[in-house]
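# Structural characterization, general
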Amino acid sequence: MSSKQFDVIVIGGGPGGYIAAIRAAQLGFATACIDEWKNEKGGPAPGGTCTNVGCIPSKALLQSSEHFDHAGHAFADHGIGLKDLSIDVTKMLGRKDTVVKQNNDGILYLFKKNKVTFFHGRGSFARTTEAGYEIKVTGTAEEVIVGKHVIVATGSNPRALPGAPFDEQSILSNDGALRIPAVPKKLGLIGAGVIGLEMGSVWRRLGAEVTVLEALPAFLGAVDEQIAKEAQKAFVKQGLKIELGVKIAEVKTSKKGVSVAYANAKGEPQTLEVDKLIVSIGRVPNTNGLNAEAVGLKLDERGAIVVDDDCRTNLPRVWAVGDVVRGPMLAHKAEEEGVAVAERIAGQHGHVNFNTIPWVIYTSPEIAWVGQTEQQLKAAGRAYKAGTFPFMANGRARALGDTTGMVKFLADAKTDEILGVHIVGPMASELIAEAVVAMEFKASSEDIARICHAHPSLSEATKEAALAVDKRTLNF
Ligand code: FAD
Ligand code: NAI
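These numbers come from a predicted model, not from an experiment.

For the rest of this paragraph, the subject is the sheet that holds strand 10 (residues 209–213). If you walk across this open sheet you meet the five strands as 8-15-9-10-11, and the pairing is parallel. Strand pairing shows two members of the sheet lacking a second neighbour, strand 8 (171–172) and strand 11 (241–243), which therefore form its edges. When strand 10 meets strand 11, the two strands line up parallel, connected through three bridges. Note on strand 11: the bridge partner recorded for Leu213 is Glu243. Each of strand 9 (186–190), strand 10 and strand 15 (276–279) is contacted by helix 6 (residues 194–205), which is oriented at about 175° to strand 9, the strand it contacts most.

Take the sheet that holds strand 12 (residues 247–253) next. Note on sheets: strands pair through backbone hydrogen bonds, and any given pair is parallel or antiparallel. Strands sit in the order 12-13-14 across an open sheet of three strands; the sheet is antiparallel. On the outer flanks of this sheet lie strand 12 and strand 14 (269–274), each paired with one strand and no other. Going from strand to strand, the sheet's axes swing by 20° on average, the running direction of each strand aside. In terms of strand pairing, strand 13 (residues 258–263) meets strand 14 through six bridges, oriented antiparallel. Pairing of Val258 across the sheet is with Val274, part of strand 14.

Now for the site of ligand 1. The immediate surroundings of ligand 1 are formed by 38 residues, with Asp35, Thr49, Lys59, Gly123 and Asp323 found nearest. Cys55 places a main-chain nitrogen or oxygen 3.4 Å from a nitrogen atom of ligand 1. Protein chains bury 94% of the 1,000 Å² of accessible surface belonging to ligand 1 in isolation. The set of elements that each furnish at least two residues to the shell around ligand 1 consists of helix 1 (15–26), strand 2 (31–35), helix 2 (48–53), helix 3 (55–74), strand 4 (122–129) and helix 8 (331–345). By residue number, the principal contributor to the shell around ligand 1 is helix 2, which donates four residues. Among the residues making up the shell around ligand 1, the classes are represented as 14 nonpolar, 18 polar and six charged.

This part takes up the nonpolar core. In globular proteins that are soluble, nonpolar side chains generally tend to be buried together. Within the largest apolar cluster, 38 residues are counted, with the highest numbers of intra-cluster contacts made by Leu187, Met199, Trp203, Phe219, Leu220, Phe235 and Ile367. Breaking this core down by element, the ones donating at least two residues are helix 3, helix 4 (89–113), strand 9, helix 6, strand 10, helix 7 (225–238) and strand 19 (366–371). Counting 29 residues, the second-largest nonpolar core is a separate cluster that includes Ala368, Ala393, Ile432 and Ala438.

Moving on, we come to the packing of helix 3 against helix 6. Geometry of a packed helix pair, given as the angle between the helix axes and the separation of the axes. As a packed pair, helix 3 and helix 6 sit with axes 8 Å apart at the nearest point and diverge in direction by 35°. The chirality of how helix 3 crosses helix 6 is left-handed. Contacts between helix 3 and helix 6 pair Ser58, Lys59, Leu61, Leu62, Ser65, Glu66, Phe68 and Asp69 from the former with Glu198, Met199, Ser201, Val202, Arg204 and Arg205 from the latter.

The next subject is helix 8. Between its first and last C-alpha atoms helix 8 spans 21 Å; for 15 residues at 1.5 Å apiece the expected length is 21 Å, and the two agree. With eleven of its 15 residues buried, helix 8 lies for the most part within the structure. When we look at burial in helix 8, the residues that qualify are Ala331, Lys333, Ala334, Glu337, Gly338, Ala340, Val341, Ala342, Glu343, Arg344 and Ile345. Its buried side turned inward, helix 8 meets strand 1 (3–11), helix 1, helix 2, helix 3, strand 6 (143–152) and strand 17 (318–320). Gly347 lies just past helix 8 and shows a positive phi near 85°.

What follows covers the domain arrangement of the chain. Domain boundaries in the chain define domain 1 (3–157 + 284–352), domain 2 (171–281) and domain 3 (356–469). At the interface, 17 residues of domain 1 touch 16 residues of domain 2. With both chains or domains summed, domain 1 and domain 2 bury close to 1,300 Å², and 67% of this area falls on carbon and sulfur atoms. Looking only at domain 1, the three residues that lose the most surface to domain 2 are Val53, Leu62 and Val89, adding up to 34% of its buried area. Joining domain 1 to domain 2, the criterion identifies one salt bridge. Our enumeration of links across domain 1 and domain 2 arrives at five residue pairs in polar contact (both at pLDDT 80 or more). When residues of the side of domain 1 that touches domain 2 are traced back to their parent elements, those giving at least two are helix 2, helix 3 and helix 4. Tallying contributions element by element places helix 3 first for the side of domain 1 that touches domain 2, with nine residues.

Glancing now at the environment of Val424. The topology assignment puts Val424 in strand 22 (residues 418–425). Considering only alpha carbons, one finds Val424 and Ile367, 57 residues apart in sequence, at a separation of 4.4 Å.

Contacts to ligand 2 come from 23 residues, most closely from Ile195, Glu214, Gly282, Met329 and Val360. In the environment of ligand 2, an oxygen atom lies 2.6 Å from a nitrogen or oxygen atom belonging to the side chain of Glu214. Contact with the protein chains removes 77% of the 840 Å² of surface that ligand 2 exposes when unbound. Broken down by secondary-structure element, the contributors of at least two residues to the shell around ligand 2 are helix 6 and strand 18 (359–361). Here the residues of the shell around ligand 2 sort into 14 nonpolar, four polar and five charged.

Conventions and cut-offs
Residues numbered from 1 in each chain as written. Chains lettered and ligands numbered in written order. Predicted model: local features only at pLDDT ≥ 70, side-chain atom pairs only at ≥ 80, totals over all residues. Heavy atoms only, no water. Pairing = 2+ DSSP bridges. Helix = DSSP H or I, 4+ residues; strand = E, 2+ residues; numbered from the N terminus. Contact = heavy atoms within 4.5 Å. Axes fitted to C-alpha atoms, helices over the stretch in contact; angles between N-to-C directions. Near = heavy atom within 4 Å. Polar contact = N/O pair within 3.5 Å; in protein donor to acceptor, adjacent residues only side chain to side chain. Areas by Shrake-Rupley, 256 points an atom, 1.4 Å probe, with all protein chains shown as cover. Nonpolar A, V, L, I, M, F, W, Y, C, P; charged D, E, K, R; others polar. Core = buried A, V, L, I, M, F, W, Y, C linked by side-chain atoms within 4.5 Å. Buried < 20%, exposed > 50% of the residue type's maximum accessible area, 1.4 Å probe, protein only. Left-handed = near helix turned anticlockwise from the far one by under 90°. Expected span 1.5 Å × (residues − 1). Domains from an automatic or database assignment. Buried area = accessible area lost by both parts, 1.4 Å probe. Salt bridge = Lys/Arg side-chain N within 4 Å of Asp/Glu carboxyl O.

Dropping the structure here:
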């Protein structure tokens, strides 16, 4: 076995890891990235959960199913007639796989372009030496490499329900949920969080009867209440059955499908019989096979790597980023941390502003927000002003035929600084970017209200919501 020396070794090639590796290489460090994800042929598939079984494939299926939904429902309003509409699930899944592969290949190309040495295999800590940390690579690549700095970006795994392990045939994690071979007649989901709503939407649009069971009494508890209520109304209208406040008792599989015994919000025993069950009750940090004990890398009780605000672990020159550490499990949060760590290694002042990390749920209507919710401001006793503007009053939304939802601004009562922006409606994922920029620059709602926005555009709803903070909307 050879023993190659690197300035920076990144373990994990998801959005946290591959971006950290590229940035480190850009800064002139001899950089390696180790990732173990395999494609169907056993070849490398860098990009992690996000690229392989997360952000990218879910958005591909959301797009396909939205086209199908529009063709079946919205086209008629535009005078477009269609006969014999059908969905070829195999083709839809094949397209999704192609999109994933394009992203995998793109990352391998970026590694080459930036001179990052890629190892396909599992990286684990072996020991500490004078030259740095010895990392053993096993799998397609078998090597021992040494890194002066190590960035751990090993991501997360889906959390299973106790007593109901994923078999990916009947009880599905996000992985199985993205490759159901035919539209199930009845689909159950446990957990009305981000995955539950996105995957539930995909299969409902394609014709499945979808029931979502959620433990909490409130729908989307982390989302601004007014926005969550509006979204819930829209989902229920679309036919998504959402039961809140349930307690799951037992999950049984048989040849016929899956049976879920649970108590409803009133405590009454119920049974849900479905063909497939997706369990989306959160994710757990992944340090499997990392051999953290060999070097004394500290984990917390959830199994997350303990880091400070700057992603430093308890070990000198060992850093950790992304889903394997505290904070929201989002690809862009992982990327920001990856860049900041590479820059800190170079002696620069990388920075991640947790207050301006946007969230997006890619349902229809989309839900997006940045900053604080109204309930958080109330709980903190902060004096604020609110302004909302409905898409119903926006010309572009009417032309699109998509007028559900609103934009909502929350601003400091005295200084008018924007404290949070919440959107439910068309293209919320794109509209939220303006709010993120505004908050990064500490803008006031008046700043946004004074900026010229193109007409007709959905972004005018953003401007109008900012005007609404001062009770002076022009179009509502
Ligand atoms: P990961 O992406 O999990 O990557 C970790 C990588 O490390 C993996 O490739 C793994 O194989 C590898 N690895 C682990 N251990 C080792 C080891 N010892 N040696 C070598 N390699 C190892 N976030 C968003 O921001 N937007 C979205 O739209 C979105 N959609 C999602 C949809 C779904 C269905 C799911 C499940 C998640 C979604 N997320 C989304 C969350 C997002 O995928 C994660 O936050 C993101 O992937 C975290 O990046 P990461 O680099 O920390 O970890
Ligand atoms: P989540 O945390 O979003 O939602 C889990 C839901 O399950 C919660 O509402 C929780 O109350 C509920 N729950 C937990 N235990 C339960 C139980 N025993 N019975 C019934 N309900 C229960 O987690 P999810 O959907 O699994 O997604 C994991 C993470 O992946 C997200 O938090 C997010 O960070 C990331 N993600 C991001 C996406 C995006 O940015 N668009 C899309 C999908 C995932």
